[in-house]
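Architecture and fold: a report
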Amino acid sequence: MSHTIQHRGTVERVADGRVYVAVEQQSACAGCHAKSLCGTGERMRIIEVETPYAESFAVGESVVVALLNQSMALSSIVWGYVMPLVVLLAVLFTATALGMSEGVAAVSSIAGVVLYYAGLGLMRKRLTKKIKFTIIKE
């Protein structure tokens, strides 16, 4: 399985053909003493994996969750990080060019990103068809 993105995790629950896996997010600043203050420290994230073999997994079991296709991973990064940045900057520069104050431009750009993520949430079903995780027993 070369060229995959993999995360080790623990099965949290199994329901309706889906396995919910708790994965610990790790940041590049693991050794930093202030990581709990800035919000980038280690956190748990639940990944939902749809599989016809869901019932063969048990709560507490160690598993590996993977994106088998790098284009899926790249797509996730673009939708989750690159596009919100583009929206933020576009709204900020447009609001500034229209003569709005810096405060109003900043609030407008944040509101633009919130609307972007709301729209992304509405498109969740379509995106989950394109970006699929697979689960592997350890």
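These notes cover the structure that comes with them. In this text, all values refer to a predicted model and were calculated from it rather than measured experimentally. (Residues numbered from 1 in each chain as written. Predicted model: local features only at pLDDT ≥ 70, side-chain atom pairs only at ≥ 80, totals over all residues. Heavy atoms only, no water.)

Some points on the packing of aromatic side chains
- This model, assessed by the stated rule, comprises one aromatic pair.
- Here the aromatic rings of Y116 and Y117 are separated by 5.5 Å at their centres, their planes lie at 70°, and the arrangement is edge-to-face.
- In this arrangement the basic side chain of R13 is found over the ring face of Y20, its NZ or CZ atom lying 3.9 Å from the centre. (Phe/Tyr/Trp six-rings, centres within 6.5 Å; stacked < 30°, edge-to-face > 60°. Lys NZ or Arg CZ within 6 Å of the ring centre and 35° of its normal.)

Observations regarding a positive patch on the surface
- A surface patch of positive charge is lined by K125, R126, K129, K130 and K132.
- By secondary structure assignment, the location of K125 is in helix α4 (residues 124-130). (Patch = residues over 30% accessible without salt bridge, like charges linked within 9 Å, V, L, I, M, F, W, Y side chains within 5 Å. Areas by Shrake-Rupley, 256 points an atom, 1.4 Å probe, with all protein chains shown as cover. Salt bridge = Lys/Arg side-chain N within 4 Å of Asp/Glu carboxyl O. Lys, Arg positive; Asp, Glu negative; His and termini not counted. Charge placed at Lys NZ, Arg CZ, Asp CG, Glu CD. Helix = DSSP H or I, 4+ residues; strand = E, 2+ residues; numbered from the N terminus.)

Focus on helix α3 (residues 102-122)
- The terminal C-alpha atoms of α3 lie 30 Å apart, and with 21 residues this matches the ideal 30 Å at 1.5 Å per residue to within 8%.
- For α3, the complete set of buried residues consists of A105, S109, G112, V113, Y116 and L120. Seen end-on, α3 carries its buried residues on one side only, within an arc spanning 95°. Residues of α3 that are exposed and angled more than 90 degrees away from the buried face: V107, I110, V114, L115 and L122. (Expected span 1.5 Å × (residues − 1). Buried < 20%, exposed > 50% of the residue type's maximum accessible area, 1.4 Å probe, protein only. Arc of directions from axis to C-beta.)

Some words on the pattern of salt bridges
- Within the structure shown, the criterion is met by four salt bridges.
- For R18, the salt bridge identified is with E48, shortest N-O distance 2.4 Å. Of this pair, R18 sits in strand β2 (residues 18-25) while E48 sits in strand β3 (residues 43-50), and the two are 30 residues apart along the sequence.
- The exposure class assigned to R18 is partly exposed, which follows from its relative accessible area of 26%.
- A residue is classified by how much of its surface remains accessible, and E48, at 32% relative accessible area, is partly exposed.
- Its salt-bridge partner being K137, residue E61 comes within 3.6 Å of it at the nearest N-O pair. One end of the pair, E61, is in the loop between β3 and β4 (62-67); the other, K137, is in strand β5 (residues 134-137), with 76 residues separating them in the sequence.
- One salt-bridge network, in which partners are shared between bridges, spans R18, E48, E50 and R124.

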